[in-house]
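Descriptive structure summary
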Amino acid sequence: MQIIISLLNMHIKSSKTDYEKHVFKECSDRMHAIANVHGKVYFDKNLLKINIKEFIFELSSELITPYYKKKKINLKLNIDIDEVSLDIAIPLGLIINEMISITINNEFNIEQQEDVVIDMIELNGFYIVSYSDAKNDYKLDSKTGFFGIELVDILKDQLDADLEITSDKLTLKFPISR
């Protein structure tokens, strides 16, 4: 992955237009996110389960922190689950990464703090995960320009998840055991 990231960074430096730079930067950021998710999972002592609260906090904080002063993003986690299997943690981490990327790339009111809220509960044999922020109007529609939402729609299949998108929230519901 590091080789791909290096190649993308070379393309960023040699790009002639801002659009090209933006596209290559977005690809490089996605590769970094994938590497981070895998790194956090595979360097953990337990290779069967992972502390999902800690995992989501670290992943989210790592993505939001560089933008905090500029965009005033406040992370609120409401997670009632302790551990999940790796086959849940990896796609869920990638989905959360995509959602935070959409939040970061969206225009915020610089004057006020915006909340990113991630909830995760267990209910009747299912995990229910919701993601919301104050600004996005989520739609599963290629005309919105949110490629990340389309990627989330693809990644949800790895969780056997149902995806519900409303104007203010994205919710995943998937079985605990698969």
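Here goes a summary of the coordinates provided. Just so you know, these numbers come straight off a predicted model, no measurement behind them.

**Description of empty space enclosed by the protein**
A full pass over the atoms with the stated rule returns 1 cavity of 30 Å³ or more. Its boundaries defined by the atoms lining it, the largest cavity holds a volume of some 40 Å³. Those elements that place two or more of their residues in the lining of the largest cavity are α5 (86–105), β5 (126–133) and β7 (170–175). Ranked by residues supplied to the lining of the largest cavity, first place goes to α5 with 4 residues. Split by residue class, the lining of the largest cavity holds 8 nonpolar, no polar and no charged.

**Some points on a nonpolar patch on the surface**
On the surface, a nonpolar cluster with roughly 340 Å² of combined accessible area is contributed by Ile3, Leu7 and Met10. Assignment of secondary structure puts Ile3 in helix α1 (residues 2–14).

**Regarding the environment of Ser6**
Locating Ser6 in the fold gives a position in helix α1. Accessibility expressed as a relative area gives 34% for Ser6, which makes it partly exposed. When the C-alpha atoms of Ser6 and Ser28 are compared, they prove to be 8.4 Å apart, with 22 residues separating the residues in sequence.

**What about the packing of helix α3 (residues 52–64) against α5?**
Viewed as axis vectors pointing N to C, α3 and α5 meet at an angle of 30°, and their least axial separation amounts to 10 Å. In terms of orientation, α3 lies roughly parallel with respect to α5. Where α3 crosses over α5, the handedness of that crossing is right-handed. Residues Ile52, Phe55, Ile56, Leu59, Ser60, Leu63 and Ile64 of α3 form the contact with α5, whose own contacting residues are Ala89, Leu92, Gly93, Ile96, Asn97, Ile100 and Ile104.

**Quick notes on the pairing of β7**
In this structure, β5 lies alongside β7, joined through 6 bridges in antiparallel fashion. Following the sheet pairing, Val129 is matched in β7 by Leu172. Both strand β6 (residues 162–165) and β7 contribute to a ladder of 4 bridges, which runs antiparallel. What sits directly across from Ile165, in β7, is Leu170.

Calculation notes
- Residues numbered from 1 in each chain as written.
- Predicted model: local features only at pLDDT ≥ 70, side-chain atom pairs only at ≥ 80, totals over all residues.
- Heavy atoms only, no water.
- 1 Å grid on protein atoms, 1.4 Å probe; cavity = no way out; pocket = protein on both sides within 12 Å on 5 of 7 lines; lining within 4 Å.
- Points joined across faces, edges and corners; volume = space filled by probe spheres on them.
- Helix = DSSP H or I, 4+ residues; strand = E, 2+ residues; numbered from the N terminus.
- Nonpolar A, V, L, I, M, F, W, Y, C, P; charged D, E, K, R; others polar.
- Patch = residues over 30% accessible without salt bridge, like charges linked within 9 Å, V, L, I, M, F, W, Y side chains within 5 Å.
- Areas by Shrake-Rupley, 256 points an atom, 1.4 Å probe, with all protein chains shown as cover.
- Salt bridge = Lys/Arg side-chain N within 4 Å of Asp/Glu carboxyl O.
- Buried < 20%, exposed > 50% of the residue type's maximum accessible area, 1.4 Å probe, protein only.
- Axes fitted to C-alpha atoms, helices over the stretch in contact; angles between N-to-C directions.
- Parallel < 35°, antiparallel > 145°, perpendicular 65-115°, else oblique.
- Left-handed = near helix turned anticlockwise from the far one by under 90°.
- Contact = heavy atoms within 4.5 Å.
- Pairing = 2+ DSSP bridges.

Remember, this is a structural readout, not a statement about activity or role.
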